[in-house]
Amino acid sequence: DAGVIQSPRHEVTEMGQEVTLRCKPISGHNSLFWYRQTMMRGLELLIYFNNNVPIDDSGMPEDRFSAKMPNASFSTLKIQPSEPRDSAVYFCASRRDSGNTEAFFGQGTRLTVV
Amino acid sequence: AQSVTQLDSQVPVFEEAPVELRCNYSSSVSVYLFWYVQYPNQGLQLLLKYLSGSTLVKGINGFEAEFNKSQTSFHLRKPSVHISDTAEYFCAVSPDYNNNDMRFGAGTRLTVKP
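Residues numbered from 1 in each chain as written. Chains lettered and ligands numbered in written order. Predicted model: local features only at pLDDT ≥ 70, side-chain atom pairs only at ≥ 80, totals over all residues. Heavy atoms only, no water.

Asker: Go over the side chain of Thr108(B) with me, naming the residues and quoting the values.
Answerer: On the secondary structure map, Thr108(B) appears in strand β12 (residues 108-113). Setting aside residues no more than four positions away along its own chain, Thr108(B) makes contact with Gln6(B), Asp8(B), Ser9(B), Gln10(B), Val11(B), Leu21(B), Ala87(B), Glu88(B) and Tyr89(B). (Helix = DSSP H or I, 4+ residues; strand = E, 2+ residues; numbered from the N terminus. Contact = heavy atoms within 4.5 Å.)

Written out as structure tokens, the structure reads:
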């Protein structure tokens, strides 16, 4: 398996622009997570889905952030409009519910908002 | 909700020395505990996990951790480190009834010097 695939790996955008981050989970995994990593806050859970349904979005910082999972093999995290303080590395992870398996992480998207 | 405190943000050690990375957690319910490692420009990968049973857990790359319920700790140890162990290490906790709700500590940067 190719693992969790995130795109793009790097994104530089201007303040006010819309940014869309993409994630393809591992096939057969039914939980998907979006995390944000910054020096100040460390690794924060933004939202997670189970069987394509958002379960907990309490970590989403503002209404400017939205996430979707239209099917089992694809998820997006959108920021509109983006701000410089959104600059961070965004990780997607997935896991299979059965068997107490661990979450597998993608390589992350480094977002820079200028 | 559960939370994790990693007491040391940076740990410098010399090659072949032993190392301990400290992790304490807070939770009102029974938990699962994890250690992940992040190499530069990579996502997180699982080192080891405690779900139940023996409190001493062995993981990959010669690492082990001990779950201590009375002290609410899950410290990571390695008897002899290598240069290649230089990385960021994250402790994580989830409630045992919902291991999708995983919370991470701030991370400890381990630097192994020759």
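That covers the picture; the talk isn't over yet.
Asker: Account for the nonpolar core, with residues named and values stated.
Answerer: Of all hydrophobic cores here, the largest spans 27 residues; its most connected members are Leu33(B), Trp35(B), Leu47(B), Leu48(B), Phe74(B), Leu76(B) and Tyr89(B). Those residues in contact with Tyr89(B) that sit more than four places away from it in its chain are Gln6(B), Leu21(B), Trp35(B), Tyr36(B), Val37(B), Leu47(B), Phe63(B), Leu76(B), Gly107(B), Thr108(B) and Leu110(B). (Core = buried A, V, L, I, M, F, W, Y, C linked by side-chain atoms within 4.5 Å. Buried < 20%, exposed > 50% of the residue type's maximum accessible area, 1.4 Å probe, protein only.)

Asker: Quick one: what's the story with the interface of chain B and chain A, residue by residue and with numbers?
Answerer: Listed as interface residues are 18 residues of chain B and, on the opposing side, 21 residues of chain A. Buried surface at the junction of chain B and chain A, summed over both partners, amounts to about 1700 Å²; 44% is from carbon and sulfur atoms. Counting the surface chain B buries against chain A, the share from its top three residues, Leu44(B), Asn100(B) and Phe104(B), is 31%. At the junction of chain B with chain A, the criterion picks out two salt bridges. The partner of Asp56(A) in a salt bridge is Arg103(B), with the nearest N and O atoms 3.8 Å apart. (Buried area = accessible area lost by both parts, 1.4 Å probe. Salt bridge = Lys/Arg side-chain N within 4 Å of Asp/Glu carboxyl O.)

Asker: Could you give an account of the sheet that holds strand β7 (residues 65-71) of chain A, with specific residues and numbers?
Answerer: Residues and elements named next belong to chain A. The sheet built from four strands is open, its strands ordered β1-β3-β8-β7 with antiparallel pairing. Two strands close off the open sheet at either side, each with one partner strand: β1 (5-7) and β7. If you compare each strand with its neighbour and ignore which way they point, the axes differ by 15° on average. Summarising the sheet, β7 and strand β8 (residues 74-79) pair through five bridges and their orientation is antiparallel. For Ala67, the partnering residue across the bridge sits in β8 and is Leu77. (Pairing = 2+ DSSP bridges. Axes fitted to C-alpha atoms, helices over the stretch in contact; angles between N-to-C directions.)

Asker: Tell me about the packing of aromatic side chains, and please be specific about residues and values.
Answerer: Tallied over the full model, the rule gives 13 aromatic pairs over all chains. Residues Tyr50(B) and Phe67(B) carry aromatic rings whose centres are separated by 4.4 Å and whose planes lie at 25° to one another, so their mutual orientation is stacked. Placement of the pair is Tyr50(B) in strand β6 (residues 44-50) and Phe67(B) in strand β8 (residues 64-68), with a sequence separation of 17 residues. The exposure class of Tyr50(B) is buried, given its relative accessible area of 9%. In this structure an aromatic cluster arises from ring pairing among Phe33(A), Tyr35(A), Tyr48(A), Phe91(A), Phe105(A), Phe34(B), Tyr36(B), Phe90(B) and Phe104(B). Here the guanidinium or amino end of Lys113(B) rests over the ring plane of Phe14(B), the centre of that ring lying 4.9 Å away. (Phe/Tyr/Trp six-rings, centres within 6.5 Å; stacked < 30°, edge-to-face > 60°. Lys NZ or Arg CZ within 6 Å of the ring centre and 35° of its normal.)

Asker: So what's going on with the pairing of strand β9 (residues 88-95) of chain A? Residues and values would help.
Answerer: All names here are of chain A. Of all eight residues in β9, eight are buried; the element is thus mostly enclosed. Of the two faces of β9, the one lined by Ala88, Tyr90, Cys92 and Ser94 and the one lined by Val89, Phe91, Ala93 and Arg95 are each fully buried. Of the pairings in the sheet, the one linking β9 to strand β11 (residues 109-113) comprises three bridges and is antiparallel in character. Bridge pairing links Tyr90 to Thr109 in β11. As paired strands, β9 and strand β10 (residues 104-105) are joined by two bridges and run antiparallel to one another. Directly across from Ser94, in β10, lies its bridge partner Phe104.

Asker: Explain the pairing of β12(B) residue by residue, including any values.
Answerer: All names here are of chain B. Burial along β12 is one-sided: Thr108, Leu110 and Val112 are buried, and none of Arg109, Thr111 and Lys113, which face the opposite way, are. Bridging between strand β2 (residues 10-14) and β12 involves five bridges; their strand directions are parallel. When the sheet's bridge partners are listed, Val11 is paired in β12 with Leu110. Where strand β10 (residues 87-95) and β12 come together, three bridges link them in antiparallel fashion. When the bridges of β12 are listed, Glu88 appears paired with Arg109.

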